[in-house]
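A closer look at the structure
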There are 4 protein chains.
Amino acid sequence: MVVVMKPGTAQSEIDRLVRQFETQGLQVGVTKGVDCSILGLVGDTTGVDINKISTNDSVERVMRVSEPYKRANRKFHPEDTVVRVGDVSIGAGSFAVMAGPCSVESEGQVVSVARDVKAAGARLLRGGAFKPRTSPYAFQGMGLEGLELLLKAKAATGLPVVTELMSPHHCQLFEDKVDLIQIGARNMQNFDLLKEVGQLSKPVLLKRGLSASYEEWIMSAEYIMAAGNENVILCERGVRTFETYTRNTLDVSAIPAIKRMSHLPVIVDPSHAAGKYWMVEPLALAAVAAGADGLLIEVHNDPENALCDGQQSLTPQRFENLMGKVRALVDLMGKKMVQ
Amino acid sequence: MVVVMKPGTAQSEIDRLVRQFETQGLQVGVTKGVDCSILGLVGDTTGVDINKISTNDSVERVMRVSEPYKRANRKFHPEDTVVRVGDVSIGAGSFAVMAGPCSVESEGQVVSVARDVKAAGARLLRGGAFKPRTSPYAFQGMGLEGLELLLKAKAATGLPVVTELMSPHHCQLFEDKVDLIQIGARNMQNFDLLKEVGQLSKPVLLKRGLSASYEEWIMSAEYIMAAGNENVILCERGVRTFETYTRNTLDVSAIPAIKRMSHLPVIVDPSHAAGKYWMVEPLALAAVAAGADGLLIEVHNDPENALCDGQQSLTPQRFENLMGKVRALVDLMGKKMVQ
Amino acid sequence: MVVVMKPGTAQSEIDRLVRQFETQGLQVGVTKGVDCSILGLVGDTTGVDINKISTNDSVERVMRVSEPYKRANRKFHPEDTVVRVGDVSIGAGSFAVMAGPCSVESEGQVVSVARDVKAAGARLLRGGAFKPRTSPYAFQGMGLEGLELLLKAKAATGLPVVTELMSPHHCQLFEDKVDLIQIGARNMQNFDLLKEVGQLSKPVLLKRGLSASYEEWIMSAEYIMAAGNENVILCERGVRTFETYTRNTLDVSAIPAIKRMSHLPVIVDPSHAAGKYWMVEPLALAAVAAGADGLLIEVHNDPENALCDGQQSLTPQRFENLMGKVRALVDLMGKKMVQ
Amino acid sequence: MVVVMKPGTAQSEIDRLVRQFETQGLQVGVTKGVDCSILGLVGDTTGVDINKISTNDSVERVMRVSEPYKRANRKFHPEDTVVRVGDVSIGAGSFAVMAGPCSVESEGQVVSVARDVKAAGARLLRGGAFKPRTSPYAFQGMGLEGLELLLKAKAATGLPVVTELMSPHHCQLFEDKVDLIQIGARNMQNFDLLKEVGQLSKPVLLKRGLSASYEEWIMSAEYIMAAGNENVILCERGVRTFETYTRNTLDVSAIPAIKRMSHLPVIVDPSHAAGKYWMVEPLALAAVAAGADGLLIEVHNDPENALCDGQQSLTPQRFENLMGKVRALVDLMGKKMVQ
């Protein structure tokens, strides 16, 4: 940590601050200049409140030097983490595709889509039972019934199931029935929910918030990990920018950046990023090329009549075409598609 | 609603769509052109799924003409709503200031600050018991104990209490003990929590999400109102932009915009917007000048030793100075400070 | 400047870097830690290329401690700068309003508007002769003829004229005829143009770029000042965010921030920020309350038939109403309207 | 174009507006509803000023239905445009890499880098002679001398040269000596410069502005094309967002989006997007996978001592490694690297 003092700060005040930091077990080096003095703080600064120091009237600025995350930090865990969902491994060269409908609508629909995506090469089934919708008047998902239908599709295909958890009331239910628990973008900083899923044993798919920085996103993973659950997969799904042509702006830089900052696997959801079905293919391929460990893709047997997000869903046929290209690219990238 | 057809769409397809909309009880007007045809849809379009229509291959674009919110819409409720918190009225020319520490830290601290802010003219006491912190390693608030201390400060001063609810597990507790229930920026689209507070009888202070559009913000109020609780106050607290000098970018335009779109009161939190105590005064005054119905301000008796957000907290003395200016400006704006 | 070394950097490499910085005339203090070492650099670091140091493989991060601007920096010039345009003073408590049509359209129009805004209290006449338009097919302004009409309006009213310079070809013309030379938001980083206006003697109104940080904006002022022209007024006009309801998002925090960073006057253009005439009043008042030194407002005698930006223009009547409120607020803020 | 009338607008006012539009040669269809009426306008609406109509007090909203650009519009030019630079073709399946140093620093440097990048497969030489720098105190490029050195490198290698034009004063010089004229991000809406390069015969590389929407970017291309120069290549180089880890946020969605909106070739500059050399490879590959027609990459023989942007420059060795991967991916995408 670095503390920059204001010009003209009295030596006595600098000495007082130095002693205060030393009392907290830190080593402090002082560089004195005419314009300003700089305090370099080394040691375990995780307990130091940067805002508190900033409040001091003699302090010009405080800058953190080391990352505020530990368990998710690649520095302390250099090897890639592999997260296992059922018998599917994700990360460290193992690439997996999760696909399925935005919303579960009926047994016929979800079983049919599950069969189609499995045939095309998907290894997990995604599907929404509880849906976060901007409007209270929009279809809110089939809820518990939808979850049961997902389990039927799992029984029919063997695909592990990933679906979104929105309320702490359902934690036990998800722990019992769901293979990969999704935390949606809008709940990325619902810290109480993060703490609760941190106490479950099932792996967690943590979507990036609409305007979350890389550090904030990793800190949310850290919440889950600090509570005891180290099986976290991060999912980039586009961020909010000034551009309105796309639903969100896919940030492919997040892939190499997160991989450098953290050891956790990173997958990409091109469907929500684009908001347009014809853009899913180029964005999915871009994600693979940038080093993603997997994809999360919306597939619907009848997009025009989908109850949710039809405009960004692929038909099974389009998904199959995409998977051919994904497979070739994963191969070129030196990774292995999970079989 | 307006549906723009792609160039060269067959007449039969246009006819099919028109009949489909008419079946949904809408009137449809068709404007035909060489380049494109335009369908104008009037009637109750709240049940029409804009995304679903967009999925049609012949459709170029769909544009909503009327707002997707009803209960919060000024069109259907032209007069300003006044929300009462204890005996304090907010809105329609009645201006109230809520102040207090970011976090409750001790009985002495919160009672002392409560007395100071009351003396300076605040009419509600704000204070955090459950704290949403970016880091799992940061102070998470005193929790239930902090809530009890807030109530002691209320007993000592008579000030109604506003504090943040983070988990549905605490809904009943807040219904019993809190006067104004705050939903934080990070939970603005925690739809399950919104539905639950919609079933409570206490008024709700809904902070704007970090990158929420005006419409999304109002839609979150609509969630609460649709569930039965019409007493919602909106709180602008800055949005996320590219500028990092300030903690957030205060969007004063939100005040006149929301007042035109909705009848709900709008207050402003300059402390979180600025992130710097010396910027609280100009932002607070700007908010009043732009038409806000109140302010939410962090005040701490000892900012340098605050457990949270000290760098943006005013001392009681600075708060008193600010209140003198706020009072003069509220008067100039033709509003009344709640006494 | 602070240089953070990667964990495990050899002592010899640290020594090499220290010597390198010392050769550049800097003093260097080293704080050694287990995780990382921190080099604090003091002295004149303006010549040090932060990017260059970052390229070193042993360097984790480089952070600038002092601002990269000098002439515009309040640290080296603590008193407010007052810029004089004709006989109008702007800054240091002297508040001026500039008003007029977006585009000059005819002699009748511009003279009539000039008389109206003068009567209402404006002390400079704004008007576009050369117009930066997003579309090449939109009205591009009357050009030289428009400039002549502005001068006729000046002759008729005595109001000094502010208008936008878009091309270096017109520098001499503007030097001869214009009182305050406006550099538009889209040219804020047109560095060649900045250098050229830096060689003129007329004061410059520098609008903030659509997504310019405070520092970049001040650095553009620094370009003009470094070339010899110290008479720069900064104009906040809204920045680009995700919110599309307003044309731009007015950043009132820019006012206190810039005033702390720099000694230059700051004015606000609420018309371009809002993009809606009914929002100009609340934003103008917010700007005054936040400490602005002036306002730039679009006024048109017939907004519905304006060739440009009619939807954000005030009628003379609305402008007069606004000016009454502005005057009262300027007075409350302890400033003086230029008479 | 669609005009939505406010509720309760008198029939006579609607009739008046309809006649007004018909006078402008448009066909108007009216859909009447209880809440609002919708006017659908078809015909050539490029001359209609959307802002002007918005000014009418009875008008709720105006929405454009057709794009405001013509020459750049794929609707009127369905085939991909191929731009030729020297004997290099870019677009329509022909993929080209442009590489070289951020700044020209010496003959030795630029000739050496030119030979290296040519050997690795680059087909154009990029290099900055006139440099847009945020600070007036930073190295501003070698100017005319730098341009001469670029030409020596061209003579030595045969590679056509791309370099940035910043001032209209240099138009003739660039017309004579440069093969591909770059307009930088900060000048994307320097409309006077766009008009001037529109009159040149050399092809233009138009970088996307820091916060330019797709439509604004295409409109800037339209400026150049409308002035007579149809040889425009668009270059995505990252946009400004809230994320500060990367220098900019690369928007790969721009590639498929622009290709759908326009027929012009799109290339990508991963160096400026990332701002970090180790991120150039994943972003470059992502760009190719998303459908880019080429890449613009910074290569420097000695990044640590580069006068500009060393931290994002590849060494010739790293560039060669990257080119191997790019070649394989271009092949997989079914495109051809220019030989």
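Each value, and the rule that gives it
- Residues numbered from 1 in each chain as written.
- Chains lettered and ligands numbered in written order.
- Predicted model: local features only at pLDDT ≥ 70, side-chain atom pairs only at ≥ 80, totals over all residues.
- Heavy atoms only, no water.
- Helix = DSSP H or I, 4+ residues; strand = E, 2+ residues; numbered from the N terminus.
- Buried < 20%, exposed > 50% of the residue type's maximum accessible area, 1.4 Å probe, protein only.
- Areas by Shrake-Rupley, 256 points an atom, 1.4 Å probe, with all protein chains shown as cover.
- Lys, Arg positive; Asp, Glu negative; His and termini not counted.
- Charge placed at Lys NZ, Arg CZ, Asp CG, Glu CD.
- Least-squares fit on C-alpha atoms with pLDDT ≥ 70 in both.
- Pairing = 2+ DSSP bridges.
- Axes fitted to C-alpha atoms, helices over the stretch in contact; angles between N-to-C directions.
- Contact = heavy atoms within 4.5 Å.
- Buried area = accessible area lost by both parts, 1.4 Å probe.
- Salt bridge = Lys/Arg side-chain N within 4 Å of Asp/Glu carboxyl O.
- Parallel < 35°, antiparallel > 145°, perpendicular 65-115°, else oblique.
- Left-handed = near helix turned anticlockwise from the far one by under 90°.
- Nonpolar A, V, L, I, M, F, W, Y, C, P; charged D, E, K, R; others polar.
- pLDDT = per-residue confidence, 0-100.
- Polar contact = N/O pair within 3.5 Å; in protein donor to acceptor, adjacent residues only side chain to side chain.
- Phe/Tyr/Trp six-rings, centres within 6.5 Å; stacked < 30°, edge-to-face > 60°.
- Lys NZ or Arg CZ within 6 Å of the ring centre and 35° of its normal.

Focus: the overall build of chain A
On a plain count of helices and strands, chain A comes out with 11 helices and 15 strands. Referenced to the eigenvectors of the C-alpha coordinate spread, the extents of chain A come out at roughly 75 × 45 × 40 Å. Counting all 339 residues of chain A, 66% fall into the buried class. Looking at chain A as shown, the accessible area adds up to about 10,700 Å², and 47% of this sits on carbon and sulfur atoms. Here chain A holds 37 positive side-chain charges and 39 negative ones, and the gap between their average locations is 2 Å.

Overview of the relation of the copies chain B and chain D
Overlaying chain B with chain D gives an RMSD of 0.1 Å, the required rotation being 180° about an axis along which the chain moves by 0.0 Å. The operation mapping one copy onto its partner corresponds to a two-fold rotation axis. Measuring from the rotation axis to each C-alpha of chain B, the shortest distance belongs to B:F242, at 2.1 Å.

Brief notes about the sheet that holds strand β1 (residues 2–5) of chain C
Residue and element names in this part refer to chain C. On the basis of which strands lie adjacent, the open sheet formed by 4 strands has the order β2-β3-β1-β4 and antiparallel pairing. At either margin of the open sheet sits one strand with a lone partner, and together these are β2 (27–31) and β4 (59–63). Shown here is a sheet whose adjacent strand axes are inclined to one another by a mean of 20°, direction ignored. Note that β1 and β4 share 4 bridges and pair antiparallel. From the neighbouring strand, V2 faces β4, where its bridge partner is M63.

Describing helix α10 (residues 280–289) of chain B
In terms of residue burial, α10(B) counts as a mostly covered element, since 9 of its 10 residues are buried. Along α10(B), the residues classified as buried are B:V280, B:P282, B:L283, B:A284, B:L285, B:A286, B:A287, B:V288 and B:A289.

Let's talk about the relation of the copies chain A and chain B
Superposing chain A onto chain B requires a rotation of 180° together with a translation of 0.0 Å along the rotation axis, leaving an RMSD of 0.0 Å. A shared interface surface links the copies, since 100% of the contact residues of chain A are contact residues in chain B too.

Quick look at the side chain of D:D251
With respect to the helices and strands, D:D251 occurs in the loop between β12 (232–236) and α8 (254–261). Exposure remark for D:D251: the relative accessible area of 1% places this residue in the buried category. If near-sequence neighbours (up to four positions away) are discounted, D:D251 is found in contact with A:T249, D:R208, D:Y214 and D:E236.

Concerning the interface of chain A and chain B
Between chain A and chain B, the contact holds 49 residues from the first and 49 residues from the second. Here chain A and chain B share an interface that buries about 4,300 Å² over both sides, 48% of which is from carbon and sulfur atoms. Along the contact surface separating chain A from chain B lie 4 salt bridges. The partner of B:E216 in a salt bridge is A:R240, with the nearest N and O atoms 2.6 Å apart.

Some thoughts on unusual backbone geometry
Among all residues save glycine, negative phi is the norm, and among peptide bonds the norm is trans. Residue and element names in this part refer to chain C. Phi angles above zero are rare outside glycine, and A92 is one such case at about 55°. For A92, a relative accessible area of 44% translates into the label partly exposed. Residues other than glycine seldom take positive phi values, yet D309 does so here, at roughly 60°. Looking at the element boundaries, D309 is found in the loop between β14 (294–298) and α11 (316–332).

Some words on the pairing of strand β1 (residues 2–5) of chain A
Residue and element names in this part refer to chain A. Alternating positions in β1 separate into two faces, V2 and V4 on one and V3 and M5 on the other, with burial throughout. Sheet topology note: the β1/strand β3 (residues 38–42) ladder contains 3 bridges and is antiparallel. Bridged to V3 within β3 is L39.

Quick look at the pattern of salt bridges
Following the criterion strictly, the structure yields 76 salt bridges over all chains and no others. Note that D:R16 is salt-bridged to C:E304, the shortest N-O span being 3.6 Å. Placement of D:R16 in helix α1 (residues 11–23) and of C:E304 in the loop between β14 and α11 is noted, with the two residues assigned to different chains. Judged by its relative accessible area of 30%, C:E304 is partly exposed. In the salt-bridge network here, residues are joined through shared partners; they are A:R208, A:E236, A:D251 and D:E243.

Structural notes on the sheet that holds strand β1 (residues 2–5) of chain B
All names here are of chain B. The strand order across the open sheet formed by 4 strands is β2-β3-β1-β4, and the pairing between neighbours is antiparallel. Every other strand in the sheet has two partners, leaving β2 (27–31) and β4 (59–63) as the edge strands with one partner each. Put simply, the sheet's adjacent strands are angled 20° from each other on average, direction ignored.

Re the environment of D:D192
Assignment of secondary structure puts D:D192 in helix α6 (residues 191–197). In sequence terms D:D192 and D:G93 are 99 residues apart; their C-alpha atoms lie 33 Å from each other. In this view, D:D192 contacts C:M166 and C:S167; residues no more than four positions away in its chain are not counted.

A word on the packing of helix α3 (residues 107–120) of chain A against helix α4 (residues 144–157) of chain A
Residues and elements named next belong to chain A. Put simply, α3 and α4 touch, their axes get as near as 9 Å, and they point 40° apart. Looking at the two axes, α3 sits oblique to α4. For the pair α3 and α4, the crossing hand works out as right-handed. Listed contacts from α4 to E107, V110, V111, A114, R115 and K118 of α3 are L149, L150, K152, A153, A156 and T157. Considered class by class, the residues forming the contact of α3 with α4 number 7 nonpolar, 1 polar and 4 charged.

Side note on the confidence of the model for chain A
Scored by pLDDT, chain A comes out at a mean of 94, with 100% of its residues at no less than 70. Of the two predicted TM-score estimates for the complex, the pTM is 0.96 and the ipTM is 0.95.

Here's the deal with the interface of chain B and chain D
Counting residues at the interface gives 30 residues for chain B, matched by 30 residues for chain D. Between chain B and chain D lies a buried interface of about 2,000 Å² when both sides are counted; carbon and sulfur atoms form 67% of it. Looking at the side of chain B facing chain D, the largest losses of area belong to B:T31, B:V42 and B:V65, adding up to 25% of the total buried there. The partner of B:E60 in a salt bridge is D:K75, with the nearest N and O atoms 3.6 Å apart. Linking chain B with chain D are 5 residue pairs in polar contact (both at pLDDT 80 or more). For the side of chain B that touches chain D, the elements supplying multiple residues, two or more each, are β1, β2, β3 (38–42) and β4 of chain B. Each residue belonging to the side of chain B that touches chain D can be placed in one class, and the counts come to 13 nonpolar, 8 polar and 9 charged.

Side note on the packing of aromatic side chains
In total, this model carries 14 aromatic pairs over all chains according to the counting rule given. Pairing B:F130 with B:F174 gives two aromatic rings, centres 6.1 Å apart and planes at 40°, and the pair type is tilted. With B:F130 in the loop between β8 (124–126) and α4 (144–157) and B:F174 in helix α5 (residues 171–177), this residue pair connects regions lying 44 residues apart in the sequence. The exposure class of B:F174 is buried, given its relative accessible area of 0%. Taken together, A:Y214, D:Y245 and D:W278 form an aromatic cluster joined through their ring pairs. Over the aromatic face of B:W278 sits the side chain of C:R260, whose NZ or CZ is 3.9 Å from the ring centroid. The lysine or arginine in question, D:K70, covers the ring of C:Y137, its NZ or CZ lying 4.7 Å from the ring centre.

Considerations on the pairing of strand β3 (residues 38–42) of chain C
All names here are of chain C. With 5 of 5 residues buried, β3 is to be regarded as a mostly interior element. With burial as the criterion, each face of β3 is covered, one bearing I38, G40 and V42 and the other bearing L39 and L41. Taken together, the 5 bridges between β2 and β3 define a ladder with antiparallel strand orientation. Bridge pairing links V30 to L39 in β3. Where β2 folds back on β3, the antiparallel hairpin that results is connected by 6 residues.

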